[in-house]
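Residue-level listing of the chains:
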Amino acid sequence: MASTTVLNVIRPSMYASSPSPYSNAPSRGCRHVQLLTPRAASLRGHTSHSVASRARRERAKNGPVGRSVRARGTRGHREVKATASLTQDQIDFYHSEGYLVIEDFATKEECSQLRERAEEIIDDFDPKTVSIFSTTDQESTADNYFLDSANNVSCFFEEKAFDDDRNLKQAKSKSINKIGHAMHDLDPVFAPFSRSEKLGEVAKSLGYVTPTPVQSMYIFKQPMIGGEVVPHQDSTFLYTDPPSVCGAWFALEDATIENGCLWILPKSHTGDITRRMRLTDTRAISFDGQIPEFDLSTFVPVEVKEGSLVMLHGAVWHMSHENTSPKSRHAYSIHFVESSGAAWDDQNWLQRKAEIPFKPFGAEAKAKAEAPAPDLAVPPMRKVGAGN
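The following refers to the structure shown. Computed from a predicted structure; not experimentally measured.

**Overview of the environment of Leu 309**
Examined against the element boundaries, Leu 309 turns out to sit in strand S16 (residues 309-313). When the C-alpha positions of Leu 309 and Leu 252 are compared, they lie 9.4 Å apart, and in sequence the two are 57 residues distant. The residues contacting Leu 309, other than those within four sequence positions of it, are Leu 100, Val 101, Ile 102, Phe 105, Leu 199, Ala 248, Trp 249 and Phe 250.

Listed below in structure tokens is the structure:
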């Protein structure tokens, strides 16, 4: 097996917390909690009442967009068929429970294309400088490789991918924890998927005026070694004032209890954001605030089929267990924020270079529509030389 030198070990993980409060993980046979859809839940969370009310008025005037929606309860959570915009019942469920499952949002072909593209990225990855991605530890240091991934497409190894001599225990393709964090802007396959009109419509249905993707991750959850992700809130790591982050989590393979599906604590988004991850002036990572202890039997397993989309409120507590099964659990997640009336925190770990600014959904289509028409009377100039 090929060996590699670990030059950088990243400890302030994107989902860092102290593991001790969570040692009493529920058994795999835990009972699912049945949730009731609220008839008229009040809008809560990080989009304003006025914004959400305006979105409702637009839907009432224009009518539903996309094909019909069929809602049905399943194993404790609400699943609906894919549609470009959401019904009021779906919106109320999201704001009441802190999450929403939409079945068949991505096609099998799209899921296959993203999986194949991820394999290509791994094949091209030369781990001369390696970061191990910790999903449990918390320390106040970070390496440049991790911080620079805000502007790159970077690969991170699983903690358990190496033996005591720092040699890979299995093939490189089976050792990667994730790819991040700018595929939604930089990769020719992930970018168009991430910025689909359909996803933008879902965000606007939830009350966003100018939803803007800021982070993307391809998560492998490798067989036998896929790391645990302890309970966390996404707003801990990606913060705006006022808080506005929302996660769009795509199942690229079936996600089950056995291979490490999401577990969510319903209604937990109505509480405070209890902890912040901050970037210091010395490019180190620090955390402030406390994480509450949880009775993990109150978390709901969200088992979903390939192609499903799980929308996650930025303050809802969620987690996943280790994947000790022989099956992988590939997923792709995009986090977006409101860029109209919410300010990106300059202490967030994720800071973009000026030449790679954040772009809201629909930015490319808007730029194309606003571009001046070509002057057909004057042929465009062509460069002479290589490439012609």
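**Some thoughts on the pairing of strand S11 (residues 246-251)**
The side chains of a regular strand alternate between the sheet's two faces. Here S11 lies mainly inside the structure; six of its six residues are buried. Side-chain alternation along S11 places Cys 246, Ala 248 and Phe 250 on one buried face and Gly 247, Trp 249 and Ala 251 on a second face that is also buried. In terms of strand pairing, S11 meets S16 through five bridges, oriented antiparallel. Considered in S16, the bridge of Cys 246 is made with His 313. The sheet contact formed by S11 and strand S18 (residues 331-338) spans six bridges and is antiparallel.

**Details of a negative patch on the surface**
A contiguous patch of negative charge on the surface is contributed by Glu 116, Glu 119, Asp 123 and Asp 124. On the secondary structure map, Glu 116 appears in helix H3 (residues 108-124).

**A few points about the side chain of Ser 235**
Relative to the helices and strands, Ser 235 resides in the loop between strand S9 (229-232) and strand S10 (240-241). Of the residues examined, Ser 235 reaches a relative accessible area of 1% and is grouped as buried. If near-sequence neighbours (up to four positions away) are discounted, Ser 235 is found in contact with Val 245, Ile 273, Arg 276, Gly 314 and Ala 315.

**What to know about the sheet that holds strand S17 (residues 318-320)**
In space, the four strands of this open sheet follow the order S9-S17-S12-S15, with antiparallel pairing throughout. Lying at the two open borders of the sheet, with one neighbouring strand each, are S9 and strand S15 (300-302). Put simply, the sheet's adjacent strands are angled 25 degrees from each other on average, direction ignored. In this sheet, S17 lies alongside strand S12 (residues 262-264) in antiparallel orientation, the contact comprising three bridges. Bridging across to S17, Leu 262 finds its partner in Ser 320.

**Regarding H3**
With 17 residues, H3 should cover 24 Å at 1.5 Å per step; its first-to-last C-alpha distance of 25 Å lies within 8% of that length. Cys 111, Leu 114, Arg 117, Ala 118, Ile 121 and Ile 122 are the residues of H3 that are buried. Axial view of H3: buried residues confined to an arc of 140 degrees, hence all on one face. Residues of H3 that are exposed and angled more than 90 degrees away from the buried face: Lys 108, Glu 109, Asp 123 and Asp 124. Buried residues along H3 sit in contact with strand S6 (153-158), strand S7 (176-181), helix H6 (190-194), strand S8 (211-219), S11 and S18.

**Quick word on the side chain of Asn 323**
Looking at where Asn 323 falls in the secondary structure, it is placed in the loop between S17 and S18. Engagement of the side chain of Asn 323 in a polar contact is seen with the backbone oxygen of Gln 222, the distance being 3.3 Å. With residues up to four places along the chain from it excluded, the contact list for Asn 323 reads Lys 221, Gln 222, Pro 223, Met 224, Ile 225, Gly 226, Glu 258, Asn 259, Ser 328 and Arg 329.

**A closer look at the pattern of salt bridges**
Between side chains of opposite charge, a pair can form when the charged atoms approach closely. Considering all chains together, one arrives at 12 salt bridges under this definition. Between Arg 117 and Asp 187 there is a salt bridge; the shortest N-O distance is 2.8 Å. With Arg 117 in helix H3 and Asp 187 in the loop between helix H5 (183-186) and H6, this residue pair connects regions lying 70 residues apart in the sequence. The same class applies to Arg 117 and to Asp 187, which are both buried. Close ionic contact of Asp 345 with Arg 276 constitutes a salt bridge, the shortest N to O distance being 3.4 Å. Here Arg 276 lies in strand S13 (residues 275-279) and Asp 345 lies in the loop between strand S19 (343-344) and helix H8 (363-370), a separation of 69 residues in the sequence.

Quick notes on the rules
Residues numbered from 1 in each chain as written. Predicted model: local features only at pLDDT ≥ 70, side-chain atom pairs only at ≥ 80, totals over all residues. Heavy atoms only, no water. Helix = DSSP H or I, 4+ residues; strand = E, 2+ residues; numbered from the N terminus. Contact = heavy atoms within 4.5 Å. Buried < 20%, exposed > 50% of the residue type's maximum accessible area, 1.4 Å probe, protein only. Pairing = 2+ DSSP bridges. Patch = residues over 30% accessible without salt bridge, like charges linked within 9 Å, V, L, I, M, F, W, Y side chains within 5 Å. Areas by Shrake-Rupley, 256 points an atom, 1.4 Å probe, with all protein chains shown as cover. Salt bridge = Lys/Arg side-chain N within 4 Å of Asp/Glu carboxyl O. Lys, Arg positive; Asp, Glu negative; His and termini not counted. Charge placed at Lys NZ, Arg CZ, Asp CG, Glu CD. Axes fitted to C-alpha atoms, helices over the stretch in contact; angles between N-to-C directions. Expected span 1.5 Å × (residues − 1). Arc of directions from axis to C-beta. Polar contact = N/O pair within 3.5 Å; in protein donor to acceptor, adjacent residues only side chain to side chain.

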